[in-house]
Every structure is written in C-alpha cells, then in structure tokens.
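# Structural overview for review
Residues per chain, in single letters:
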Amino acid sequence: PMLTSDKAPLTIYGKTYHIFQASPPHTASTVLNNFLIGMFEPGAEYSFMVYNQERTIRRHDKDVTIDDGHIVTKTHITDLMGLYKQHRNTFDEIMFVVANRGVNPETRIDSSLCQYNNVLCIEFEELLYSDEHGRESVVRALAEKLKDRFGYFFGAHLDLMDSNRLKNAVIRLQQMDQATISMADQPFTVSDNKFGVHGGHRNRDGSEMQGSSARKTGSGKLFYCGGAPGLNRKEFKYSTFGLFLANSLFPEYEGKVEYQPGQPLINTAIPLTDDTLNQATSNDILIMHSHQKCEIFSLEAFPGAQLHVNAEFYDMHPLHLLNPNGEFTQNYLPPGERSYVIGPHEDTRQSIRIPYCSMKLWYLHKTRPTEAILPKIIDPSKKPRNTKEHFLLYINSHYIEYRERAARALSEIGAIHTAGKCQGNWEVRPPPKPDGSPEQCEPYEDGLRPSSILPVSASNDRDTQGHNSNLFSKYRFALVMENADAPGYVSEKILDAFLAGSIPVYYGSRTVFEIFNPKAFVFFDLDIPQQALNQIQFLEQSPAEYERMLNEPIIANEQVLEKYFSWDETVGNGVLKQRIRQMMGLQGSGASPQW
C-alpha cells in the first residue's frame, strides 16, 4: 500500500503525506532527521529547508520542490503554523516531528504546539545513545512514539513497528555516526549531503568530538554589516559602531576593532558579503545595524546568532529599509530565532531596551581613551563645567516645528547662538524633499532675523571626530530636543550637553528620567512650555540656583549604571553585559557560548 519513488511523495491508498522535522538548532535534530529518513526513505539524501525569504529547499547543493518525491524535510524554521498553511494544499496530511532541549526558549518550540495531533515533540535526552544497543533502543522508542501519535493518520496500512523498517532506521543512524567520525577533523563548513552532518560535528551529548575543529573557546568570529547608502554619504560602507559594543560584550570572539585619535582604524571583524557568508558557521555572531543596507539578500542565510544594534535615528528615517512609510518601527524584531535586538525596543525574549545615549557613551569611552569620557558622566566629582560665557546654543539643521518654536521663545530670554541651518524660523516650513530625506530648516533672510538670534560657525569648535560636546562648553544652556518623542528613544543630544558641562534643555521620551537626574537638566514639556521658560529665566537671574543645578550628579541613581551602562565588568559589575549574553544563550562573561 505504500509508494515511495523519486517522482511521488509518500502515498497510502491515494492520500499523500509529508513530514517536517522542524526543530530549533542544537537539539540533536540531525539524529531525529536521520531516524525519520531511515523509517520512510532509507537511501535518500537529506533535504533541508533554508531559513530565507523563499524558504528554499536544498538537496545535494541543488534547489528542489517540496513535492519532488522526498518524504522528510528538515528545517530550523519552527513556525509550524506558517509551514502548515504554506503547504497544506500540496499534501493531504502534513506532520511535524520536533526535537526540544532544556529550558532555554531558543532550543524549544512553544509547548502549546505539541498538543496538536499532527505534531510529535521529542526531548533531547530521548535521542542520546553511546553504543549499538543504545542506538537500537532509541530507534524502537522513537518508532513507538511515532505509532502512538500518527497511527491515526496512517491507519492499518502502514506498520511503523515493522522489523525491516526499524532495521533500516538503525542502519541509517549507524551510517550517520560513521560519517560523523570520518569528518571529525574537517572544517565545520564541510558537510555530508546524505546525512546532513558537518565537519567537527558535536557528539550526541552536546560535547565536541575528539579531534574536532569546530567551535572552541575564543574561536567564534564576529561578522558585521549595515550602512545607510544615499543619505549624503559619498560612498557606501558598513558602520563599525556596533563592533565597539560587541568587543566588550563578546571578548572571546575573533574580530577586534580599535581606534586611537589620529590613527587609522584597526578592524579584524569580517564584513558580511555574498563571498564571506560562506565562511560563517553557527558559532559566529553577526553585528547588524538595524534597518540598514547589507550586501547579502537575506540575513536569515547567516547561520549564527545576530545582534541588531538599533542606534540613533535609524528606525525613524523614511528612507531606511523596512521603514518605507516613515513610521516608527522601534519594536520591530527581525526574523530568526537567533536574532536579537538592543535599542529602544521593549524588553522581550529577543530584545533589551537600551537607549542610544548609553551606546554612544560607551563608544566614546572606547574611541577617546585619553579623555576620561566615562567618569565625566558617572562620577559627580569629574562632572564637566561650562565657562558660562554665553546663554544658549542651538545646533540643528533638520526642521522640527516645535524645536524651532522653542528656540524662538528662548531667544526672548537672552541672545541665543545657532550653529546649523535652524534659527528658530518656525513659520517657514521647507517643502518636502523629492527623495523623502529630512527637511532642512530655512535660515532667516538678511535683515529679517531677530537680533537675539546669532548664527555662529561650528566648524572650528567641533572636535576631531565631529562631536558637538566641545561646542557647548562655552554655553550655560544647550537646546537639545529630539526629533520625536518615542518610547525608549534617548539620543546622544543630551549626552553632548552634559559632556560639555552645559545644562541641557531637553525634550523627548520620558525614559530620560530613568537615566539622568531630573535636577540636572530642564525638561521642555511641549504641553506646558512656559514652565521650562520660567525655570530657565529664574536660573539666569539666580546664579546660586544655577550653580546648584550645575553641581547635580548626571546619572539618576546607582541602579542606572547597572541597567544601562554596564557594558563590561568595570561598570555596575557588567550586569547589562550579562543580560545581553544570557538573552543570546551565552554563559559567563567571555567563556565558550553554550549554543
């Protein structure tokens, strides 16, 4: 009654069947897959559904279709509902066999899926064996589970406990083990087309085989990609910003980036391209700048873990990828069970809320080592002080009406300096740009600018890296309003003011109060702007009160250091670093990851 051939799927009395072996990585799914092939098509090469946009199925390095005659398809895609909906019109019955491991959500599927009568869930421990007798016992136990779960579908027409069927499964696993041993000294990138094992493949208990060249402590590599082409950049290149964070988070990984002012950048991380993708293994990590351009078509093709760094305004610019309508997408999670995000996102299993100001401070700490950047923010005794020479500086070129209105209102308290195209000329809204890029402010025409608004040149006062912190150092106040009020989004603007010793006049997400001491800056509430204007006027008229605010600690409290600034063990015991590593399934502070 059973028909298996090169041209037809599993067919029993006119009904067609297909089995997805759909398991998270590192769950002994290779054992499970070869058991299933041994039971249903013992001589077949394994077929694997790739985690990409097209969900391509590969067999012997060639693309094949789901209905080309193979019965078992292996995949690490655990969206069982999506797979079922995609292929339910191709087969009469679709079944899923899944391997789960431990308690880590990354190595288990949603337990509710295991309740469906076409889903069989197997625990990692049920797939372990160490000798011939153990192999035979595993096969028999798995076959019993198949019969109990799927016997209803096959009925009496297919005997899953048939002795020849069990023998074929045992032989298949025996051959798989022999292939694993023979490839133990090969690179991980070398694979066997029949059994789906790799060079240096892990033993069934999860430990490395003797002689394996697979992942050892410190042998994982850092890849990186993500850049923003077309946004006033002369040439496209990947950003290295996230690598400075990654080197602190993952010190055991190969791929270091170092910078000393006045010296060339040293970067041994691997840019991810179509060519270098072939070098990547499941032990590697990709550092990706969220919503930015990456050369490869689909990041889902990367076999390792991904850390998406959602930095600065990347989620908000209408030209950026995955954000075509200029909508806020700060809670967007990229596809892939091993894809993680740090940025303004809410805390989830795959994301941790870290405002950009925290990332930027650590970046400055690493790229300007002689300037003691970090103590200026976290140590009240090292807090910078401005010279009090001028009232207020406003640096912006992108038009935001409420920011322009605030600048105009502040110019009525004292003379403000502007160091960009924006000069408080809020009545003149610039026309939208054809390419959708941010609108630029229209400066006042000659003779129309109020006498209390004075443009100044910024070119001579910015530091060698183009940062604004030096510019603010002569001003009692710095107008630093965000482009938008988005949850969790606190940019580098307020940080620049603090590093210059100027008092920030800030507007943006209320998350700022969790990070910075509310007594150390002025919050310009758009609903009650007069409150901030009155406060600034009072501080201008009361030097002692201004001095008191200037002496306030910058950081809100000690817990903030742990939550937002502990990128390594030198700050807050490295609590943030451990949170990120634990989210990604990495143990310790720099030991071999427990994938």
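Residues numbered from 1 in each chain as written. Predicted model: local features only at pLDDT ≥ 70, side-chain atom pairs only at ≥ 80, totals over all residues. Heavy atoms only, no water.

## Points about the overall build of the protein chain
Rules: Numbering goes from the N terminus for both helices and strands, where a helix is a DSSP run of H or I of at least four residues and a strand is a run of E of at least two. Note on contacts: a residue pair is in contact if any heavy atoms of the two residues lie within 4.5 Å. We get accessible surface area from the Shrake-Rupley algorithm with a probe of 1.4 Å; when it comes to residues, only the shown protein chains can shield them.
The helix and strand inventory of the protein chain stands at 14 helices and 23 strands. Looking at the protein chain alone, contacts between residues at least 24 apart form 64% of all its contacts between residues at least 6 apart. Accessible area of the protein chain: about 26000 Å², with a carbon and sulfur share of 49%.

## Quick notes on helix α2 (residues 80-87)
Each full turn of the α-helix corresponds to 3.6 residues, which orients residues three or four apart in the same direction. For the record, the criterion: A 1.4 Å probe rolled over the protein chains alone gives each residue an accessible area, and that area as a share of the maximum for its type sets the label: buried under 20%, exposed over 50%, partly exposed in between. The arc in question is the one spanned by the directions pointing from the helix axis to the C-beta atoms.
Leu 80, Leu 83 and His 87 are the residues of α2 that are buried. Projected onto a plane normal to the axis of α2, the buried residues spread over an arc of 65° and lie on a single side. Elements in contact with the buried residues of α2: β3 (15-22), β4 (47-49), β7 (72-75), β8 (93-100) and β9 (119-123).

## Here we look at the sheet that holds strand β19 (residues 416-418)
Filter applied, for reference: Pairs of strands are assigned from DSSP output, requiring at least two bridges between the strands.
On the basis of which strands lie adjacent, the open sheet formed by 6 strands has the order β20-β19-β18-β21-β22-β23 and parallel pairing. Two strands in the sheet have a free side with no partner beyond their single neighbour: β20 (453-455) and β23 (522-523). When strand β18 (residues 390-394) meets β19, the two strands line up parallel, connected through 3 bridges. Its bridge partner being in β19, Leu 392 is matched across the sheet by Ile 416.

## Overview of the packing of aromatic side chains
For the record, the criterion: Any two of the Phe, Tyr and Trp rings considered here, Trp counted by its six-membered ring, make a pair once their centres fall within 6.5 Å; the pair's planes then place it as stacked at under 30 degrees, edge-to-face at over 60, or tilted in between.
Applying the stated criterion across every chain, the model contains 19 aromatic pairs. Geometrically, the ring pair formed by Phe 223 and Phe 302 is edge-to-face, given 5.5 Å between the ring centres and 70° between the ring planes. In this pair, Phe 223 is assigned in strand β10 (residues 222-225) and Phe 302 in the loop between β14 (285-289) and β15 (305-309), connecting sequence segments 79 residues apart. Of the two residues, Phe 223 and Phe 302, neither departs from the other in class, the shared state being buried. Each ring, one from Tyr 506 and one from Phe 523, has its centre 6.4 Å from the other, and the planes form 45°; the classification is tilted. Of the two residues, Tyr 506 sits in strand β22 (residues 503-507) while Phe 523 sits in strand β23, which places them 17 residues apart along the sequence.

## Details of the nonpolar core
Where we set the bar: The definition of a nonpolar core used throughout is a set of buried Ala, Val, Leu, Ile, Met, Phe, Trp, Tyr and Cys residues joined through side-chain atoms within 4.5 Å.
The biggest cluster of nonpolar side chains holds 106 residues, and the ones touching the most others in it are Phe 250, Leu 272, Ile 342, Phe 516, Trp 567 and Met 584. Among the elements that make up this core, the one with the highest residue count is helix α6 (residues 356-367) (7 residues). Phe 516 has contacts with Cys 357, Val 490, Ile 494, Phe 498, Phe 521, Ile 554, Ile 555 and Ala 556, leaving out every residue within four places of it along the chain. In this structure, Phe 35, Met 39, Ala 169 and Val 197 belong to the second largest nonpolar core, which totals 43 residues.

## Structural notes on the sheet that holds strand β16 (residues 339-343)
Two strands in a sheet stick together by hydrogen bonds in their backbones, pointing the same way (parallel) or opposite ways (antiparallel). Strand order in the open sheet formed by 6 strands is β13-β10-β14-β15-β16-β17, and the pairing between neighbours is parallel. Each edge of the sheet is formed by a strand with only one pairing partner; in this case those strands are β13 (270-271) and β17 (351-353). Bridging between β16 and β17 involves 3 bridges; their strand directions are parallel. Across the sheet, residue Gly 343 finds its bridge partner in β17, namely Arg 353.

## A closer look at the pairing of β7
The two faces of the sheet receive side chains in turn, since in a regular strand these alternate between them. Residues Val 72 and Lys 74 line one face of β7 and the alternating positions Thr 73 and Thr 75 line the opposite face, and both faces are buried. Where β3 lies against β7, 4 bridges are found, and the strand directions are parallel. Each bridged residue has a counterpart across the sheet, and for Ile 19 the counterpart in β7 is Val 72. The pairing of β4 with β7 spans 3 bridges and is parallel. The residue bridging Ser 47 from the neighbouring strand is Thr 73, located in β7.

## Comments concerning the environment of Lys 167
Within the element layout of this structure, Lys 167 appears in helix α4 (residues 163-182). The spatial distance from the C-alpha of Lys 167 to the C-alpha of Glu 136 is 8.5 Å, given a sequence separation of 31 residues.

## Structural notes on unusual backbone geometry
Positive phi, close to 65°, is recorded for Ala 28, a residue that is not glycine. Structurally, the position occupied by Ala 28 is in the loop between β3 and α1 (29-40).

## Quick notes on the packing of α1 against helix α3 (residues 132-154)
Going by this rule: To get an axis, fit a line to the C-alpha atoms, keeping to the stretch in contact for a helix; angles then go from 0 to 180 degrees between the N-to-C directions. We call a crossing left-handed when the near helix sits turned anticlockwise from the far one by less than a right angle, and right-handed when that turn is clockwise. Throughout this entry, Asp, Glu, Lys and Arg are counted as charged residues, while Ala, Val, Leu, Ile, Met, Phe, Trp, Tyr, Cys and Pro are counted as nonpolar. The remaining residues, Gly among them, count as polar.
Between α1 and α3, the shortest axis-to-axis distance is 12 Å and the interhelical angle comes to 65°. As α1 runs across α3, the sense of the crossing is right-handed. Facing Leu 32, Phe 35, Leu 36, Met 39 and Phe 40 of α1, the residues of α3 in contact are Val 139, Leu 142, Ala 143, Leu 146 and Phe 154. Per-class residue counts for the contact of α1 with α3 are 10 nonpolar, no polar and no charged.

## Quick word on the packing of helix α13 (residues 558-565) against helix α14 (residues 575-583)
Close contact between α13 and α14 brings their axes to 6 Å; oriented N to C, the two are set at 35°. Contacts between α13 and α14 involve Glu 562, Lys 563, Tyr 564 and Phe 565 from the first element and Val 575, Leu 576 and Arg 579 from the second. Here the contact of α13 with α14 is built from residues that sort into 4 nonpolar, no polar and 3 charged.

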